[in-house]
Every structure is written in structure tokens, then in C-alpha cells.
Amino acid sequence: MSERIVGELKGLLEEARRYRISKIKFGVLSPQIIRNMSVVEVTNEAYRDEVGAPTVGGLLDPRFGAPEPGSHCPICGNDRDHCPGHFGHIELSLPVVHVLFADHIYNALRGVCHNCGRIKLDPEKIPVYIKRAEFLKKHLPDRYKAFVKKVIKEASSVERCPHCGISSIKIEFEKPYKFYKHVEAGRIELSPSEIRDILERIPDDELILYGFDKEAMRPEWLILTVLPVPPLTVRPSIQLETGERSEDDLTHKLVDVIKINNKIKRDKAAGSVAMALKNDYDALQLHVATYFNNELPGIPPSTHRGVKRLKTLAQRLSGKEGRFRNNLIGKRVNFSARTVISPDSNLNINEVGVPEEIAKILTVSTIVTPYNIEELRKLVINGPDIHPGANYVIKATKGGYRMYLKYADRYKVAEMLEVGDIVERHLMDGDIVLFNRQPSLHRMSIMAHVAKVLPYRTFRLHLTVCPPYNADFDGDEMNLHVVQNSEAAAEAKALMLVQNQIISPRYGAPIIGFGKDYITSAFILTMEGNELSKDLFFNLLSTYDRVAKLDLIKKHKRGKYSGKSLFSILLPETFTYSLKSKLDKDVIIKKGVLLKGTIDKNSIGAEQADSVLHRLVREYGNRFGGKFITQFARVLDRFLTFTGFSIDIEDLKLPEEAIIKIKKIEEEAIKKVDEIIAKYRRGELELIKGLSPEESLEQHIHEVLADARTQAGLIALEYLSKDNPLYIMVMSGARGTDINVAQLTAMLGQQTIRGRRISRGFDNRTLSTFKEGDIGARARGFVGSSFYSGLTPTEFFFHSMGGREGLMDTAVKTQQSGYLYRRLVYSLEDLHVDHDFVVRTSNGKIVQFKYGEDAVDPARSDHGKPVNIDRLIDSISLLYPKGKRATKDYIKKLLKKVESEIPSSLRDELWSKLIEKKANKEVAKEAIRQAVINYRTAKIDPGAAVGVVAAQSIGEPGTQMTLRTFHYAGVKEKDVTIGLPRIIEIIDAKQKPSTPRMIIYLDEEHRYSQEKAEAVANRIKATQFRDVVKEATIDLINRSIIFKLDLESLKAVGKSPIEVKRIFSRRYSTELKEDTLIIRPNIKIKENETDEYVILEKLRKARDRFLDRHIAGIPNVVRVTLEKIVNEETGEEEWVIYTAGSNLKEVLLFEGVDPVRTITNDIFEIYEVLGIEAARNAIINEIKSVMEEQGLDVDYRHIMLVADIMTRDGRIRQMGRYGVVAVKDSVLTRAAFEITVPVLVGAAVRGEEDLLRGPTENIIVGSRVPIGTGSVDLYMEVG
Amino acid sequence: MDEKLKNIILSHKLVPKHVILDEREKKEIIKKYAGGDPFKLPYISRNDPVVKVIGAKPGDVIKIIRKSPTAGETVYYRLVV
């Protein structure tokens, strides 16, 4: 390296070290500091004088800095770009409360003795409390906050000061900034100067008990006597086109303060009356308060000329458009481009097509070396307008002079080019770029591509990379970023290149794969008996990069050219695999040859686990996977182009015969519905357990109509010919489902809103064509027509209603899942794996002792497992077919040796699979050896941002979840909140689930017999008095209520009438005669109240109260239902009780219940009864079951990480502002997330420090995030 | 606490095994994982039902032997606070 470059590098390193922020300390400015740092006291309310020059002592005083272009700052001498700006101040003529700190002032005033300034606590207790506070502040900061609250509460309730004996004064705080004291004379306002006097007396040592930090502040500073005025860089004036000047909102607000301040000053000097002063004083307080926050509750916001609300300090910082979220986290970048995307299946999957127009603007700074100088000279000569060219040259000498090549003598510049110069050359083929589509929901939303400069004006990408970006070509635009140095390019290529992202970290299976027409094409190509002409065969073959295995084609073709062999050519010769196709037929691949079966979605589709594609990528690597996809896509594309594949309306036409059949099904269904309705009207309808007659009716109708559509759909599929394009698409999995076919060709079926038949509209009817009260099939949204036959006007209307609901759901869902995602990210962003595989927060707190409990990276796993043992043993068995069978002892011994290296699950699986597959000694030895190696390579990289990946893996599928709470086929006890609302409920750590449910397992004695189970269920169910009362009559004369008991149901819940009597007789006089219970409520009747109606009303109320009385069973368990299930472990059938309502503790203790397996979905209840570890397990189970129910595949490790951080502190914390985020150490992260201003205020009084260890803080201050590759430093000797 | 409830808590399938570490093991764990600062460990409340049942005191470290869907069995440690 040349001497000069070494020098430069040294300089850069020096600079990097010098400018590193090590921490940010928060505190409160003292009046002294404010005055000392001020360069100008602002007293002049006019901005400018008569000639338009800024006034001295005005808000635009040049000493504030930010001089006009060309001139220099009178304070620091810098020009506009370099002057940082300087503060001024306003001397307030009277002190005012700092609104943002009003809560803290109130706290102090309550705890302190107004006379002696000591905290109103026992003198002996104080040192103990201080010690405790110091301990908590250091080790358990969130407990410290709670402790302060407790101390203040204790001190404020003391009536007489234990130090000086003065009696306490009650303080009242009227938001936002007024304080009153309650004395004998009544309520008197406490003036800011009085408050200041009191706060001044608080000794430094006791500040910690108020939540204040003695190093960072003094409480009296919270009463302002001097107001800092920010420099003009903070509140720049702008010049309008008309030449008029417009001032910043803050400047406007400050003028208000100065005006009123000056007025008070004058009046005070003139000896004005107190009353007049008081009004102005209030105004001063108001202006200073709104200067800090213009959205104070109960205060009208200040406006500019009565129109525009001023954005003052708090508004500038907080919210989505605030400084934090919009400018500090959301930074804008150079070297980026955006345009519409379009497909190109001739590209490699790693490539992106970049329009030449864009390539000529985006540049890469290249340092000239002896090795590239000739190449760069050519580029310089081409200049900015000819594509591979260059736009600028920066000379190493001449002080970094930058030359624009458009107008330069380019031949001369090229000739003078020397080593060390920098050429800003055009983007060229082979450059690494980052490509992105918003919303960036997971890490595959930004991937590294290899640029390929192409004509025309769109970005081109390969079709198989659409799923990770969730892109289509209906006008989508994408962004491209050019990586600016080779270090970054190398990192991007290694970690982010498309082929390295094929396996999704969410579920450990390919997310990149074939879709739509590719599947159709593969299906037709590899269909049984599909013979290609010689021409076509070789034409397709010519798309492959190189032709190997020619002998293989020969072997397979038997004189025929088949599509299967085209597929086989791409397979490695060692590849053997079999699976089931979509049509449930075998697909068999042996030694790289597709012997049997048709390739469809199950074999090569995107987002398919255990497909052929998945196996190939896993076993032959990412590079092979990428090549396979690229090459096969090319063949499929060309094949379908040549064969042609299209669909038209005639393809939806069913033969007459089928139409008649479908018509018949429709008519029968409608008739059946009418019959059901008639039965219901006669009251003969068979009721479904637990449902009202109306609900049962709907349920029955629903079943009939759903069945009709299914039947019609089956007929349609039966009559469609096998070469019908619609049929092919559905069968191959390319697009559409059976339901789509049914709706297109046969019948749309029932339209629903919120899962029910359409019922809104006019009074008792949906549309004016129907008679009032018509609840028949057609009148409630049943559509018998198909899209082919066309809809009747009423049907069309119903269909539109259903469609509208879908649109609204999507809109709501994106909002809700977006917010869920944001909370997940902020809660988890700083979690990373350390070199010991321990998951820690940025401040070193341990969250997991081993990531995912086995340290395996889901993206390197095989659908969650580090090793696919079946495949491993099978493939090794092929290599070692002969040998002595391994004995159990032999295997045991081998496993013992590696025990400490692999997780126990892997060991157990190896053990059982080796025995099951009757492995020989060689196989056993080799399999175990390779399993250990595979496990090691599947381990996660130290530094990995596992928190963010977990947040993505739960947040990204959020948009795909249903919003509706599902109704389980009529059984209310099983009708649980599911989908997105349930996930939010869990993540929010909501105290009570919206649908509390229990599954109660029974003990040996009760679980096998329905009667015994039912007996337990009846005794568990919470029974109110009304459930066992046949009749309740009010006896007005005796002022009592007569209840006729239902002895039968009373017996069922296991109570006798006497026991019931006893419940009431404790408080009331009661009388029991056989099945009649008379209760006399103690109603108070005022003497003058003789009106019988009043008495009757009171008796009625008493009756209802009695009827609501809980008399038997377990409180909260409101409904029970029995069901026979199969025990997964033992395979036995047993009865279990499903309940609505939950009461874990009592149910567990209940006789007949199996307390080991019985569970509830109420996580807090589990926490209270069974502890934090049980709650953690419950969180995992609940999230996993919601995801599974929604058909979403999410790796356990992500869910475990969420559960572990929620329970880390021994209590359940929500993933949000009051939970996980609230206990983060970083002030900046908390401020950036939500409740910005209170966070900053709290940090100031507590004197908090931000040590800048997490991602958000470092983005804010503009330095490298110390996670992942950012956590590694390279130290090297320079020179 | 009721003897019956104690047994129920310990035997419930959601509750993994909790073991109080002795002084030596405790020191070792704190040194190995938390660099000597016990407050870096995850916590468990002194009022946690299981803590009460096994009689752990604040400052103790509890070893939890979890059943894991990924690893079969793993251990976790919590500091009683």
C-alpha cells in the first residue's frame, strides 16, 4: 500500500475513534447553566427593525447562529453549514411551573414537609429506605419506580412531620400545572415561587426517595426562572416566493412569551395592582406551558392567527411524524432507485434487471489501482452518457478535487488518471445491489441481487422470487440500493444473496420456489404419457447451461422423448426421494431419475416443506438450489410458451346433464331449508345442545346449504374434462381450489357477513323484493347461480355485500397486524446470540440459556430439526448396504460418546430410528458421525439477531390471519377467540381472555363413563339460584318472595333444598316447605314511603338478586359440555369437559378432576396458580395452536423466544409500552417507540444514561448497530 | 398452602421441575452465564407458587428442567427476587 493511503486510513481510524459517542446522559438544566450557555438575552419582541434587519435582543438576533449564506457567525465564526447555532435565554419576570415536570413536582410536594424540607418519614426509616432505593435503582430499575411510588404514598399520608412536628398540608394538583393547598380558610393557590421555596429545602441525599437523581438535577429547577431559547438552526425562518418571511412555530410561540414577560416587567416596575398582574401571570404560565406542549388537556391549543395549531416542542418530537420516528429512525439514503417491476424468466434467480437509464445515474465509487486503471480509463472516456461509463473523478491530489465528466476533456482526464483517484463509475453487470419491496415484513424483503443492465425502463426480476417479496406485476414498484464498498458487497453477497435466502427462517423450508404457470407447465410436462417431439425436446434441452447425463436420457427414453427426463437431467445422480403428489399419487425419484409420478405443487411449489425442491436445496446446497430453479424455470417457461395454455369462458361450461343435476341439488336444498323453517315455526325443530331455537335453525340451514355447494362442486369437477385448463390448474396446485371451480361453473353458494347468513337491510327482510319475515334460503343470501350462468340482481347484491366485508376486513387487519408487528420488533430488537449461544439483551440480561433450547438456526434447520435422520440413514444405507447389524449396545455406546455434543431429542431420535431401520454397524457409526456434523453446521451464528427474526416470523404472518372469531360448529364451549385477535390478546398480556375456556380431564374413576363424567360436569358448572327455580312469585302483602324449586335439577347439581335454604338463611329469614322456599328480604322502607309500587319495585330487585345468587358449582365456570376424545398418549377413549369460563384453582382441587392435565386458556390464571414457568409454557402452547389452526407454519424457537422475554422478569409482561419496552435500559429506544415526552422527562429527573448498546439507539445517533456482523470488530495493523 | 394444592402444582403437566441450587452450583452458574452479576439472570418472584412450594428464598437460584419441543430437555435458571 502506498504511503499516502496508509496515512489516510490511519486518519480515518483516528476520526472514527474520536467521534464515537460513548453514552448520552439525561438531566435537567439549572438556571445557572442556561444563563452560562446563553449568548443573547431576548427582550425585544420585534423580529426586525424598520429596515428589515434582525433586531438586537430579538428572536432573530444574529448571535443565534445559522447566518445567511456567505456570511459568518458572530459567535463562532463559522459559515452557515458549520455553525451549530447558539442558545439564548429569556429572564422570566416571574417563575412558572415547567408543565412537563408537573407530575414530578406534585410527587415532591406531597412527600416533603413544607416547613423543614425533610421527607415526612420516620427518621430511622429514611436511611433504610435510601439504601433500598439505591439497591433497586442499580439492579432492578423498574422496581425502583414502584418503590418511589410507595414511599411517596407513605410520606404523603403522614399527618405531622416526624422531624419538625408541623402538621401536613394537603396539596391538590389541578392538571396541567396548577397547585393548591388546603388550609382552614379553604383552597389557596400555591404560587410557583412558594413551590420553589419548598423544593429548595429538600436535602440532596433524600432526592433518591422522590425518584430524583442528585447528580442530574435539583427539584427547584423544575420551576422555571429563566427560559432557554433554541438557536435558529432549530427554528429556521423561511423565505416565501413572494419575498415574505415566515417564522417557525417555535419563534411565534416565543414571541408570545416575550410580549407578556415584558408587560409584567413594565407593570412591576410601575407598581401595578396585584389583580392586573395576576391575569398576566396566568398568561405567562400558559404561554410557557404551551411552548413546551401545545396539546395539554383542558388548555385551548395556541394557534397561528387563529387558524393553524402551532407545533411546539412536544409535538415536534412525538408521534409518527415526529423527530424520532420520522427523522432519527427513518433516515433517507443516496444511491437508490425506484421503478415499476416486470418479470423476466430468462434471468438467473440471483439477478435483477436494471434499466440503463438508472445504471447511468447510480454510481459505484471505485479506487483506482494498478490492476483496474485501464478498465477505468475506458469508463472515464465513455463519460456520463454512454453506458458503461463514469460520472465523476475525484483526484487524490489537489485536495480531493471532484470533476464532472460531462463537460470535461475526458481523454485528458483518462490519461491523467492515477492510482489512488476515485472514479464514480456507472452501475455495471455483476455489481451487488440490494433490492427491496415494501412492506418489508421479513428479512427476505431485502435481498442482494446481481445487477444486469438492460434496456427499457422497469426493474426485471425472476418470477420465483415473487413470494419472498410478495410481489406481482400489476404496477408494483420496488427499490434498489447500490452497495458502496467491497466490504459491504461481500457481506451482502454472503448473507443476503437470493439463493442464500431460499429457506425461510420462519419455518425452515423453501419460501422461494415455483408458482402459478410454472406449476401448470411442470404438471403438463411431466404428466404420465406426455411424449414430446424430438424437435421440442431438444429445443427445451438447449435452455440448460450444459448438458450432462446424455446417457441418462437415452436410458430413460426408450425411444421416446418424455418430459420426465427433462426434469431428471437437472437432478443429481445421487438423489433418491419419494413423496405424494397433490392428487395423492406416488412420485418416485431414484438415483436422479423421475421414475413415476407428476411434478406439481407438492414437488416444486414455493412454501412447501418436504418437497423435492426442499430436499434438493437442503442436501445439495443453496448454489445448486439456485441453479436448479433458474434452469428448470427456463424449461418450464419455454415449454408452456410452445404448448400454449389459456382459458376462456367456454371452459367453464358444464354439459347439460351436469347443469340439470346441479339445478336439482339447488332446488332440493331450498326445499329442505323451507321444511326446516316450517318445523321451526311449528316448534318441532330438533335443537342442538346449548343453542337457542333460532341458533339451531341457522345451524341446520347452514349445514344444508354448505352441503349443496359441496355437492354441486363435486359434480362440476366430475364433468370437467381432464384437459380442461381450469381443472389442470386446480389439480396441479397452480391456482384455485375446488371451491373456486364450484363457484365458477356450478354455484356460488351461501353469502355470509360475520359468518352468518345475510340478515340486515329493511325491517325483517333483506331486500324489498322479499316479503317481510321471509327467512328462506334465497331471501337470506343463498346464491344458486354460478359465475358462468350469471347472477340475478338480488344474488348480485348479496354477493357484493359479502365482498365488501372482505375488503373491510383486509383494511382493519393490515392496521392491527402492523401495530402488533411494531410492538414485537421494539420488544425483541436487541436480542442476540452470544458466542456461548446464550440469548442476551443489549445490556447483557439473559433471556435464554441456549437459543431455541438447542442452538439451532431455523433457517438452517430441516423444517425445525437440525438433522433429517430418516434421510440421513437412508442415504448412508445405500453406501454401506452390507454389514453386521448394529446391536442396541453398540448404538448405545456410540451415542454415549457424543452425548454432550447433541441435544437429547436428536440422540433419542437417532436411537429409535437406527433400531427401527435395522441399521448395520457401518451405517450406525457413519450416521451418528454425520448427525453430529450436521447438527454443528445447523447451529446459529454468534451475533445473530434472533429477536428481530422472531418478531418477523410472528409479525409477517399476522396479515394472513383471520380477523373473525370463529364459531365452532355450534358448540359454544369450544368457540374460542382465534386468529389475529387472539394473538394480540396473548402478546398484550391481557388480564382476562375474551373467551375464557377450560379443558377439564377426569380422573381414572370418572373418565370412562359418560354418566360419571356428566355428574362431575354438572357439579362443576356454576349454578345460579335461577337455574333451580321453576317459578318465583312476589308476595306483596307479606313482603316476601316465594320460589318453587326444581328438585330434579337441584339434585343434578348435587344440592338439597335444605342446603339451598341455608345459603339464604344466613342473612334473611327463610321458610322451606317441600319444594317451596320463601325468603323475606330486609327491605328498608322509609316511613313516608307507602306507595305500593315502590315496595314492589324493591321486592322485584331483591328477587332478581336472589335469582342471580351462586348456589352450587365453581364460580365463573358458566357452561359445560362433554366430549369423547382419544388420548394421544395412550390411545384410549375418554370423556373430557369443555367449559366456557375459567377457574383453574378450584377446578384443579375439585373431586373427579385429573389435576395433571386440566388446563385453561387464561394465562394469568395459570401464572397465579401454577407459576411463571407454567405461564411460559401456556403462552407457547396458545400461540402455537392459533398459528396451526390458521394453517401458518412458525418455528417453535420464535414462539419460545417471545414467551421467554414475556416471562423473563418472573412476571408476565406485555410486548409493548407498559411491558417489555418499558423496562428497556435505553432511553432513546423507549422514546422512539411510544410516549416520547414522558419517557424523556422521566429520564431527565432520574438522571438516566443511554449506553447506546441496542439497535434503535445506534441508528438514532448514526453509528453501527452492534448486532450480527456489526458486533464484530476487525483489528489490524495498518501499514 | 394446602398440601393437596402443593402436590397438584408440582405434578401439573405445564409445570417443569424446579430445583434449588446449592451455594457452589449457584456461584458457578452466575459466573458462567452472568459474569458474576446475578441480576443478569432471568427472575422468578418470591411469591411464585412453585417457589413457595419448594421453599426457595430471595437470592436463591432455581434450576428449571424444561421439556423442550426442540431439544427434548433443557435447563433454565432463574434468580429468586
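(A) Fine view of the overall build of chain A. Within chain A one finds 44 helices and 45 strands. Each principal axis of the C-alpha atoms in chain A carries an extent, and together these give about 120 × 115 × 75 Å. Among the 1279 residues that make up chain A, the fraction classed as buried is 40%. Long-range contacts, defined as pairs at least 24 residues apart, comprise 68% of the intrachain contacts of chain A with a sequence gap of at least 6.

(B) Local environment of the overall build of chain B. A tally of helices and strands in chain B yields 3 helices and 4 strands. Secondary structure of chain B in N-to-C order comes out as α-β-α-β-α-β-β. C-alpha atoms of chain B, sized along the principal axes, occupy 40 × 30 × 20 Å. Within chain B, the fraction of its 81 residues that count as buried is 41%. Pairs at least 24 apart in sequence give 56% of the contacts found in chain B among residues at least 6 apart.

(C) Representation of the sheet that holds strand S43 (residues 1133–1140) of chain A within the structure. Residue and element names in this part refer to chain A. A sheet is described by the order of its strands in space; here 4 strands give the open sequence S42-S43-S35-S44, paired in antiparallel fashion. Whereas interior strands pair on both sides, the edge strands pair on one side only; in this sheet they are strand S42 (1119–1126) and strand S44 (1159–1160). Both strand S35 (residues 997–1001) and S44 contribute to a ladder of 2 bridges, which runs antiparallel. Its bridge partner lying in S44, Ile-999 is registered against Ile-1159.

(D) Seen up close, the packing of helix H27 (residues 869–879) of chain A against helix H29 (residues 904–916) of chain A. Residues and elements named next belong to chain A. One can describe the packing of H27 onto H29 by two numbers: an axis separation of 10 Å at closest approach and a directional angle of 45 degrees. As far as their axial angle goes, H29 and H27 are oblique. You can see that H27 and H29 cross each other, and the crossing is right-handed. For the pair H27 and H29, contact is made by Ile-869, Asp-870 and Ile-873 and by Glu-909, Leu-910, Lys-913 and Leu-914, respectively.

(E) How the structure looks around the pairing of strand S14 (residues 390–394) of chain A. Residue and element names in this part refer to chain A. Relative to strand S16 (residues 422–426), S14 runs antiparallel, the two being bridged by 4 bridges. Along S16, the bridge assignment pairs Tyr-392 with Glu-424. In this structure, S14 lies alongside strand S15 (residues 402–404), joined through 3 bridges in antiparallel fashion. Counterpart to Ile-394 in the pairing with S15 is Arg-402.

(F) Highlighting the sheet that holds strand S37 (residues 1029–1035) of chain A. All names here are of chain A. Reading across the sheet, the 4 strands line up as S37-S38-S40-S39 and stay open at both edges, with antiparallel pairing between neighbours. Edge strands, defined here as strands with exactly one partner in the open sheet, are S37 and strand S39 (1069–1073). This sheet shows a mean twist of 15 degrees between the axes of neighbouring strands, independent of strand direction. Judged from the 4 bridges that link them, strand S38 (residues 1040–1045) and strand S40 (residues 1076–1080) form a sheet pairing that is antiparallel. Within the sheet, the bridge partner assigned to Lys-1044 lies in S40 and is Thr-1076. On top of the sheet, helix H36 (residues 1057–1065) reaches S38, S39 and S40; it is set at about 170 degrees to S39, its chief contact. Packing against the sheet, helix H37 (residues 1092–1108) makes contact with S37, S38 and S40, and its axis sits at approximately 155 degrees to S37.

(G) Expanded view of the environment of Ile1137(A). Residues and elements named next belong to chain A. Here Ile-1137 lies in strand S43. Counting along the chain gives 431 residues from Ile-1137 to Ala-706, while the straight-line C-alpha distance between them is 29 Å. If we skip the residues at most four places from it in the chain, Ile-1137 touches Ile-1000, Ala-1013, Val-1016, Ala-1017, Ile-1020, Val-1120 and Leu-1122.

(H) Layout of the environment of Asp648(A). Residue and element names in this part refer to chain A. By the element assignment, Asp-648 lies in the loop between helix H21 (612–643) and helix H22 (656–682). According to the C-beta neighbour criterion, Asp-648 is exposed, with 8 such atoms within 10 Å. Distance in space between the C-alpha atoms of Asp-648 and Glu-573 is 42 Å, their sequence separation being 75 residues.

(I) Just the nonpolar core, in detail. Residue and element names in this part refer to chain A. Ranked by internal contacts, the top residues of the largest apolar core, which has 295 residues, are Ala-927, Val-946 and Ile-1166. With 11 residues, the top contributor of residues to this core is H21. Once residues lying within four places of it in the same chain are set aside, the contact partners of Ala-927 are Leu-872, Ile-873, Ile-876, Leu-910, Leu-914 and Ala-919. Within the second largest apolar cluster, 15 residues are counted, among which are Val-1028, Phe-1043, Phe-1064 and Ile-1079.

(J) Up close: the interface of chain A and chain B. With 37 residues of chain A at the contact, the number on the chain B side is 35 residues. The set of elements that each furnish at least two residues to the side of chain A that touches chain B consists of H29, helix H38 (1144–1149), helix H39 (1163–1170), helix H40 (1172–1189) and helix H41 (1196–1207) of chain A. Split into classes, the residues belonging to the side of chain A that touches chain B amount to 18 nonpolar, 8 polar and 11 charged.

(K) Spotlight on unusual backbone geometry. Residues and elements named next belong to chain A. Cis geometry is adopted by the peptide bond preceding Pro-176, which originates at Lys-175 and carries an omega value of 0 degrees. For Pro-176, the location among the structural elements is in the loop between strand S3 (170–174) and strand S4 (178–183). Located in the positive-phi region is Arg-305, a residue other than glycine, with phi close to 50 degrees. In this fold, Arg-305 is placed in the loop between strand S9 (303–304) and strand S10 (308–309). Of note in this structure, Lys-516 is not a glycine but carries a positive phi near 50 degrees. Structurally, Lys-516 can be placed in the loop between strand S22 (509–510) and helix H16 (517–525). Residue Lys-516 is classed as partly exposed on the basis of its 16 C-beta neighbours within 10 Å.

(L) Examining the packing of helix H26 (residues 793–828) of chain A against helix H32 (residues 979–987) of chain A more closely. Residues and elements named next belong to chain A. Remark: H26 packs on H32, axes separated minimally by 11 Å, with the N-to-C direction vectors making an angle of 25 degrees. Between H26 and H32, the angle falls in the class roughly parallel. Note on packing geometry: the crossing formed by H26 with H32 is left-handed. Residue-level inspection shows Lys-813, Gln-816, Ser-817, Leu-820 and Arg-823 of H26 in contact with H32, the latter providing Leu-980, Ile-983, Ile-984 and Ile-987. Here the residues of the contact of H26 with H32 sort into 5 nonpolar, 2 polar and 2 charged.

Conventions and cut-offs
- Residues numbered from 1 in each chain as written.
- Chains lettered and ligands numbered in written order.
- Predicted model: local features only at pLDDT ≥ 70, side-chain atom pairs only at ≥ 80, totals over all residues.
- Helix = DSSP H or I, 4+ residues; strand = E, 2+ residues; numbered from the N terminus.
- Buried ≥ 20, exposed ≤ 12 C-beta atoms within 10 Å, placed from the backbone.
- Contact = placed C-beta atoms within 7 Å.
- Pairing = 2+ DSSP bridges.
- Axes fitted to C-alpha atoms, helices over the stretch in contact; angles between N-to-C directions.
- Parallel < 35°, antiparallel > 145°, perpendicular 65-115°, else oblique.
- Left-handed = near helix turned anticlockwise from the far one by under 90°.
- Core = buried A, V, L, I, M, F, W, Y, C linked by C-beta atoms within 7 Å.
- Nonpolar A, V, L, I, M, F, W, Y, C, P; charged D, E, K, R; others polar.

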